[in-house]
Amino acid sequence: MRWEGNRQSDNVEDRRSEGYSGGGGGMLGGRTIGIGTIVIALVAWGVFGINPLTTIGVLSGGGGSPAVQQQQGPAQKPPASDQQAAFVSTVLANTEDVWGQIFQQAGARYVAPKLVLYRGATPTACGTGQSAMGPFYCPQDQKVYLDMGFFDTMQRQLGAPGEFARAYVIAHEVGHHVQNLQGLTDKVDSLRGRVSQAQQNALSVRLELQADCYAGIWAHYSQESKKWLDPNDIASAMNAAHQIGDDTLQKEHQGYVVPDSFTHGSSAQRQRWFMQGYQSGSVKSCDTFSSQNI
């Protein structure tokens, strides 16, 4: 991925030097989240994709109002010498360009999310974010949270190396932001407690697959304007999508697959919906909620 020399986003907030400690677990809806819940959320999360705070909210019973983010002083920018932060800022900037144009063509205005770099733990409007959760999006404050140590995890533990695989992670979380702006996040969340757990899981799968498709849309227009990808880059994203499929993760962690417990979709589904967005470049083609065959 030939990303150097392109515009970097001003919407990156660097909290890596703050040393925030959230204790033994995060707070969501006034409830303490224990380590066991985080582990369950980690498996359900599919390593990256679902907002793990949403998973924790389900496991903890939800309720109450989300924790208020406590931010001290002005937001810090990453140092100019940080190559990895420059990569993240460049990818985020390009998602701003792509989605800004898509929204403009639809007669709307795209409000870009902030991306927070942190280390270990950080306060969010959704509760305490922890690095064990992986990258996630918090709809309450419209921010993407990323501990960049996860990039090492992708390469060394998940078998998902490559810069474009990392870009796919960022674009997927931005896809959740797009869903939030569209009102889809609230619609799905409003059904929590009104449908069965299996039905809630099925809705989560459709939400996650749509975010994969939106990541594909970004890749489509990104490549169209920048010509900065080659076939190996797309292959790395497809490999990452395979590695984080619910069936692949369940086989690895427990030796068998339970489809009703899927929250993100199978490896084949995640790959297919990413490619759907990448090949079509059409938001309408990403309507996973109307699709009979996901």
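From a predicted model like this one, the values you see are computed outputs, not experimental measurements.

This paragraph deals with helix H7 (residues 197-226). A rise of 1.5 Å per residue sets the reference length of H7, with its 30 residues, at 44 Å; its end C-alpha atoms lie 43 Å apart and thus fit the reference within 8%. For H7, a buried count of 21 out of 30 residues is recorded, marking the element as mostly surrounded by other parts of the structure. A positive phi of about 55 degrees marks Lys-227, the residue just after H7.

Take the pairing of strand S6 (residues 127-130) next. Judged from the four bridges that link them, strand S5 (residues 121-124) and S6 form a sheet pairing that is antiparallel. Each bridged residue has a counterpart across the sheet, and for Thr-122 the counterpart in S6 is Gly-129.

On to the packing of helix H3 (residues 83-105) against helix H5 (residues 163-182). In the contact formed by H3 and H5, the axes pass within 10 Å of each other and the chain directions differ by 40 degrees. Here H3 is positioned oblique relative to H5, judged by the angle of their axes. Classified by chirality, the crossing of H5 by H3 is right-handed. Counted together, Gln-84, Phe-87, Val-88, Val-91, Leu-92, Thr-95, Trp-99 and Phe-103 of H3 and Glu-163, Arg-166, Ala-167, Ile-170, Val-174, Val-178 and Leu-181 of H5 form the full contact between these two elements. Of the residues in the contact of H3 with H5, the class split is 11 nonpolar, two polar and two charged.

Right, let's talk about the confidence of the model for the chain for a bit. In this model, the chain carries an average pLDDT of 83, and 81% of its residues clear a pLDDT of 70 or more. Predicted confidence is poor over residues 23-70, with pLDDT under 50, and the contacts of this stretch with residues over four places away or in other chains come to 123 contacts.

Note: strands within a sheet are paired through backbone hydrogen bonds, in either parallel or antiparallel orientation. The four strands are arranged S1-S4-S8-S7 in an open sheet whose pairing can be described as mixed. Looking at the sheet topology across the chains shown, the edges are occupied by strand S1 (12-14) and strand S7 (136-138). Direction aside, the axes of adjacent strands within the sheet are offset by 25 degrees on average. Pairing of strand S4 (residues 114-117) with strand S8 (residues 143-146), which is carried by four bridges, proceeds in the parallel orientation. Its bridge partner being in S8, Leu-115 is matched across the sheet by Val-144. Against the sheet, H3 contacts S1, S4 and S8, and its axis sits at roughly 165 degrees relative to S4. Contacts between H5 and the sheet are confined to S4, S7 and S8, with S7 contributing the most and set at about 25 degrees to the helix.

Glancing now at the nonpolar core. The biggest cluster of nonpolar side chains holds 56 residues, and the ones touching the most others in it are Met-1, Val-88, Trp-99, Phe-164 and Trp-218. Per-element tally for this core: the top contributor is H3, with 10 residues. Residues in contact with Trp-218, not counting those within four places in the same chain, are Met-1, Val-91, Asn-94, Thr-95, Val-98, Trp-99, Phe-164, Ala-167, Ala-171 and Trp-228. Tyr-118, Ala-125, Met-133 and Tyr-145 belong to the second-largest nonpolar core, a separate cluster that totals eight residues.

One non-glycine residue, Gln-142, lies in positive phi territory at about 55 degrees. Relative to the elements of secondary structure, Gln-142 occurs in the loop between S7 and S8. The exposure class assigned to Gln-142 is partly exposed, which follows from its relative accessible area of 28%. The residue Lys-227 is not glycine, and still its phi comes out positive at about 55 degrees.

Let us now look at the environment of Asp-147. With respect to the helices and strands, Asp-147 occurs in the loop between S8 and helix H4 (149-156). Sequence separation of Asp-147 and Arg-15 is 132 residues, and the distance between their C-alpha atoms is 9.8 Å. Here Asp-147 is in contact with Tyr-118, Arg-119, Gly-120 and Ser-131, once residues within four sequence places are set aside. Within the structure, the side chain of Asp-147 is placed 3.0 Å from the backbone nitrogen of Gly-120, a separation counted as a polar contact.

Criteria and cut-off values
- Residues numbered from 1 in each chain as written.
- Predicted model: local features only at pLDDT ≥ 70, side-chain atom pairs only at ≥ 80, totals over all residues.
- Heavy atoms only, no water.
- Helix = DSSP H or I, 4+ residues; strand = E, 2+ residues; numbered from the N terminus.
- Expected span 1.5 Å × (residues − 1).
- Buried < 20%, exposed > 50% of the residue type's maximum accessible area, 1.4 Å probe, protein only.
- Pairing = 2+ DSSP bridges.
- Axes fitted to C-alpha atoms, helices over the stretch in contact; angles between N-to-C directions.
- Parallel < 35°, antiparallel > 145°, perpendicular 65-115°, else oblique.
- Left-handed = near helix turned anticlockwise from the far one by under 90°.
- Contact = heavy atoms within 4.5 Å.
- Nonpolar A, V, L, I, M, F, W, Y, C, P; charged D, E, K, R; others polar.
- pLDDT = per-residue confidence, 0-100.
- Core = buried A, V, L, I, M, F, W, Y, C linked by side-chain atoms within 4.5 Å.
- Polar contact = N/O pair within 3.5 Å; in protein donor to acceptor, adjacent residues only side chain to side chain.

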